[in-house]
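# Structural description and commentary
Here's the letter readout for the chains.
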Amino acid sequence: MLSYSFSLSSPIDSVRLMNGNSLCSGRLEVKSNQRWSSVCEDDFDQQDAEVVCRELGCGAPSVLQGALYGEVEAPMWTKEFLCGGHESALLDCRTSGSDRNTCSPGKAAGLTCSEPDIVRLVRGSSRCAGELELRQQGWIHSFTSALVWTISSTCLQSGSAISDCVSTTTDSAKYHLEVKCSDSVRLVNGNSLCSGRLEVKSNQRWSSVCEDDFDQQDAEVVCRELGCGAPSVLQGALYGEVEAPMWTKEFQCGGHESALLDCRTSGSDRNTCSPGKAVGLTCSGPNIVRLVGGSSRCSGELEVKQLGVWRKVDEEKSQWNLKTADAACRQLDCGSAVSTERIQSLTSIPVWRITSTCLQSGSAISDCASKTTDYANYHLEVKCSGNSSKHISCDGCLVYIFSFHRS
């Protein structure tokens, strides 16, 4: 359920787009000290544009082009904007220390945003992470009230628009949804979201990766970042050849990182990639069981996703032992169990209960976990020996990682 309270935004009075066809297109002007100033394109980039479009209540920027809606008019904004892309307002962004006194012809910042958002993620590190909000008769913020819209997962998974899958009458709930999307890696030309030719996004452009700069530990990070299972196939040109531009650094992941761009990279650049060497990756299907908080994907606290919700796990009859943990490790393709224990939580937490005898019988972990929430002061931690296989892959995911937060 999505929990919301109604809140209408006050009019924007620090940025505007002039001479366009709508509120979401035009020549950019910024208000400071009670006057409006034009902005030079050299002082404004894609991340700055994302902030402006979001501040205006529009969708993502679609066109950023100098003089598209006219030339610079005096007075002129004199600082370079240095937005990170996550800010709520343009004037919240850092600016350069030096001043600009001139702007070349054809350089007035002209911006076109997509149509006004009806769905957005807020209070996250970027527009692709945060608490899910939906506009029905005004924006509804999820953290101030128990009023909710209810959403149908089966409707959304069928490809329907989010707004078509949400109720038009309010309900009440104690939780709301937070979503984190992967917007820095993707697998293209595959059969699903968890398979394809690897591309990495940096400086607002997607680059192909050469197989010589990418190994199994790097693949584990990518599959996990996309919300897929463990890598199963890693093979050059499996999903096509390298396309320009090409990623120039070697990835040096430890295998435990949350995102590929968190990994170390080599100091030297690569300028060529031999035919047949474009990274092709296949990951297993999306995870519904995982180990988190450990040094690798094969160690940590056991979590299971039931009914779309990730929760820690506790054993139903306190019969959890190394034999049961061994069954879990095998299902995770992580070898055998090295150690396991029940960890005491600081407070009582929501958990899924799991039955050891069910798991030892060979049933899937998800089939042995309850589908009703319980509360416990303990949860399970498992350390596996790790997978010794040489090749890996993913079935493909442009992933959404969901977590529920109390309102």
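What comes next is a walk through the structure. (Residues numbered from 1 in each chain as written. Predicted model: local features only at pLDDT ≥ 70, side-chain atom pairs only at ≥ 80, totals over all residues. Heavy atoms only, no water.)

Moving on, we get to unusual backbone geometry. Backbone torsion omega between Ala244 and Pro245 reads -5 degrees, so that peptide bond is classified as cis. With respect to the helices and strands, the residue Pro245 is situated in the loop between strand E19 (231-236) and strand E20 (251-252). At Asn19, a residue that is not glycine, the phi angle is positive and equals roughly 70 degrees. Within the element layout of this structure, Asn19 appears in strand E3 (residues 15-19). (Helix = DSSP H or I, 4+ residues; strand = E, 2+ residues; numbered from the N terminus.)

What follows concerns the environment of Asp367. With respect to the element layout, Asp367 can be found in the loop between helix H5 (356-360) and strand E27 (374-384). By relative accessible area, Asp367 is classed as exposed at 57%. In this structure the C-alpha to C-alpha distance between Asp367 and Gln306, which are 61 residues apart in sequence, comes to 9.7 Å. (Buried < 20%, exposed > 50% of the residue type's maximum accessible area, 1.4 Å probe, protein only.)

Moving on, we come to the state of the cysteines. Per the counting criterion, the structure on display carries 11 disulfides. The disulfide partner of Cys253 is Cys263, and the S-S distance across this bridge is 2.1 Å. Disulfide Cys253-Cys263: torsion about the S-S bond near 100 degrees, hence right-handed. Residue Cys253 is located in the loop between E20 and strand E21 (264-265), and its partner Cys263 is located in the loop between E20 and E21; the two are separated by 10 residues in the primary sequence. Residue classification places Cys253 among the buried positions, given a relative accessible area of 6%. (Disulfide = S-S within 2.5 Å.)

The buried fraction of helix H3 (residues 216-225) is high, at eight of 10 residues. For H3, every residue scored as buried is listed here: Gln216, Asp218, Ala219, Glu220, Val221, Val222, Cys223 and Glu225. Two or three places before Gln217, at the opening of H3, Asp215 has a side-chain oxygen 3.2 Å from that residue's backbone nitrogen. (Polar contact = N/O pair within 3.5 Å; in protein donor to acceptor, adjacent residues only side chain to side chain.)

Right, let's get into the packing of aromatic side chains. Counted by the stated rule, this structure contains four aromatic pairs. With a centroid separation of 6.5 Å and an interplanar angle of 85 degrees, the aromatic rings of Phe44 and Phe81 are classed as edge-to-face. Here the residue Phe44 occupies a position in the loop between strand E5 (35-38) and helix H1 (46-55), and Phe81 occupies one in strand E7 (residues 81-82), the gap between them amounting to 37 residues. The same class applies to Phe44 and to Phe81, which are both buried. With a centroid separation of 5.2 Å and 10 degrees between ring planes, the pair formed by Trp247 and Phe251 is classed as stacked. Each of the two residues, Trp247 as well as Phe251, counts as buried. By the ring-pair criterion, three or more aromatic residues cluster together here, those being Phe44, Trp77 and Phe81. The lysine or arginine in question, Arg16, covers the ring of Trp36, its NZ or CZ lying 4.0 Å from the ring centre. If you follow Arg311 out to its NZ or CZ, it ends over the ring of Trp352, 4.8 Å from the centre. (Phe/Tyr/Trp six-rings, centres within 6.5 Å; stacked < 30°, edge-to-face > 60°. Lys NZ or Arg CZ within 6 Å of the ring centre and 35° of its normal.)

If you walk through the whole model with that rule in mind, you get 21 salt bridges. Arg270 is the salt-bridge partner of Asp213, the closest N and O atoms lying 2.7 Å from each other. Of the two residues, Asp213 sits in the loop between strand E18 (205-208) and H3 while Arg270 sits in the loop between E21 and strand E22 (279-284), which places them 57 residues apart along the sequence. Using a relative accessible area of 4% as the deciding quantity, one classes Asp213 as buried. Between Glu301 and Lys312 there is a salt bridge, with the nearest N and O atoms lying 2.5 Å from each other. (Salt bridge = Lys/Arg side-chain N within 4 Å of Asp/Glu carboxyl O.)

Of all hydrophobic cores here, the largest spans 24 residues; its most connected members are Trp320, Ile354 and Leu359. Elements supplying a minimum of two residues to this core: strand E23 (289-293), strand E24 (299-306), strand E25 (309-315), helix H4 (322-331), strand E26 (337-354) and E27. Ranked by residues supplied to this core, first place goes to H4 with four residues. Those residues in contact with Leu359, other than ones at most four positions away along the chain, are Trp320, Thr324, Ala327, Ala328, Gln331, Ile354, Ile365 and Cys368. Core analysis: the second largest hydrophobic core is formed by 22 residues, Phe214, Val222, Phe251 and Val279 among them. (Core = buried A, V, L, I, M, F, W, Y, C linked by side-chain atoms within 4.5 Å. Contact = heavy atoms within 4.5 Å.)

Take the side chain of Glu87 next. One can find Glu87 in the loop between E7 and strand E8 (94-95). At a separation of 2.9 Å, a polar atom in the side chain of Glu87 contacts the main-chain amide nitrogen of Gly84. Setting aside its immediate chain neighbours within four residues, Glu87 contacts Val51, Arg54, Asp92 and Cys93.

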